[in-house]
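Residue-level structure breakdown
In case you want the letters, here they are:
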Amino acid sequence: MADISFLFSWLNVLQREVLRRRMLLTGLLKISEWAVFGGWLILLGLYVSGMFTSVSLLLELGETFGTLAFALYIATLIPSMVRRLKIRELFPIMSMFLPFRRQFGVLMFITAFIHQSFTTMLPALVLVEFDFAKFPSPLMARQIFGYIAWWLLFPLWLTSNDLAIKKMGKWWKILHKLTYVALFIIMMHVALVGGWNYVFALLVIVIGNVVGLIKSFYGKKS
Ligand code: HEM
């Protein structure tokens, strides 16, 4: 079997480097939140003013933002899965992702919002030339699942701050378990879009968590 120990030592180095730049990376993630939202506002203005009319550009951008939202969503799930799995060699991954989990979640929520607006809301408005009397157009199942997932993630986004953690106590953790309900809805959403790679990634997360839970159950018994 190939010796993969070099991979683990490389992971340790990466973890050290990432954690050394924790403040900088957190700052960059916060700036990205405002930057993507600002960019969205500018593009929205260009479409509302009629300067831009291309629906295909919107759909292309929408897909990119969907992929981005998905990657960030996975990044929020990785630390808990690795912690549950209790594989020591993978712990550097957990410590690399954990300090940024809140910012990943907030950015994911914003990018998912932009994703829906570019794939669904704005193209529909452009097609009816912003005649709100002809809006909203009926939604397809994949869009409905997308919206359900987004609204499920809404209270999580709203409570992703120190004040909410302090005020909510143990309810904060319980509320944030909603992310696993959203996982199955997102799985339906991407399956209906035909994104089987995304479904596979989510299944890996589900299996990882189930294996981790089984391990801790038997660990407690023995
Ligand atoms: C907020 C409501 C949402 C709506 C209305 C929505 C709508 C859509 C639509 C219409 C597509 C198909 C795009 C196309 O093939 O042209 C799509 C694709 C996708 N969506 Fe969503 N979505 C929503 C939320 C989400 C969320 C919360 C996530 C993940 C965090 C997500 C991840 C994706 C991904 C990964 C794709 C595939 C992109 C690709 O083709 O590579 N969506 N969505």
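Above this text is the structure in question.
Conventions used here
- Residues numbered from 1 in each chain as written.
- Predicted model: local features only at pLDDT ≥ 70, side-chain atom pairs only at ≥ 80, totals over all residues.
- Near = placed C-beta within 6 Å.
- Helix = DSSP H or I, 4+ residues; strand = E, 2+ residues; numbered from the N terminus.
- Nonpolar A, V, L, I, M, F, W, Y, C, P; charged D, E, K, R; others polar.
- Expected span 1.5 Å × (residues − 1).
- Buried ≥ 20, exposed ≤ 12 C-beta atoms within 10 Å, placed from the backbone.
- Contact = placed C-beta atoms within 7 Å.
- Axes fitted to C-alpha atoms, helices over the stretch in contact; angles between N-to-C directions.
- Parallel < 35°, antiparallel > 145°, perpendicular 65-115°, else oblique.
- Left-handed = near helix turned anticlockwise from the far one by under 90°.
- Core = buried A, V, L, I, M, F, W, Y, C linked by C-beta atoms within 7 Å.

All right, on to the site of the ligand then. Around the ligand, the surrounding shell holds 26 residues, and the nearest of these are Gly66, Phe70, Gln116, Gly146 and Trp150. Those elements that provide at least two residues to the shell around the ligand are helix 3 (55–85), helix 5 (101–127), helix 6 (141–158) and helix 9 (178–193). Element by element, the count of residues in the shell around the ligand is highest for helix 3, at eight residues. Classifying every residue of the shell around the ligand by side-chain character gives 13 nonpolar, 11 polar and two charged.

Note on helix geometry: an α-helix contains 3.6 residues per turn, so any two residues three or four positions apart are oriented the same way. Over its 27 residues, helix 2 (residues 22–48) runs 39 Å from end to end, which matches the ideal 39 Å to within 8%, given 1.5 Å per residue. The first or second residue beyond helix 2 is Gly50, which carries a positive phi of 85°.

Take Met108: it is sitting in helix 5. Given 23 C-beta atoms within 10 Å, Met108 falls into the buried group. Residues Met108 and Ala69, 39 residues apart in the sequence, show an inter-C-alpha distance of 4.6 Å. Look past the residues within four positions of Met108 in its chain and what remains in contact with it is Ala69, Leu72, Tyr73 and Thr76.

Here the focus is the packing of helix 9 against helix 10 (residues 196–221). Helix 10 packs onto helix 9 with a crossing angle of 160° between their chain directions and a minimal axis gap of 9 Å. Of the possible angle classes, the one that applies to helix 9 and helix 10 is roughly antiparallel. Crossing of helix 9 against helix 10: the hand is left-handed. Mapping the contact onto sequence places Leu183, Ile186, Met187, Val190 and Ala191 in helix 9 and Tyr198, Val199, Leu202 and Ile205 in helix 10. Residues that form the contact of helix 9 with helix 10 fall into these classes: nine nonpolar, no polar and no charged.

For the rest of this paragraph, the subject is the nonpolar core. Ala69, Tyr73, Met108 and Phe109 are the most contacted members of the largest nonpolar core, which totals 36 residues. Broken down by secondary-structure element, the contributors of at least two residues to this core are helix 3, helix 4 (91–97), helix 5, helix 6, helix 9 and helix 10. At 12 residues, the largest contribution of residues to this core is made by helix 5.

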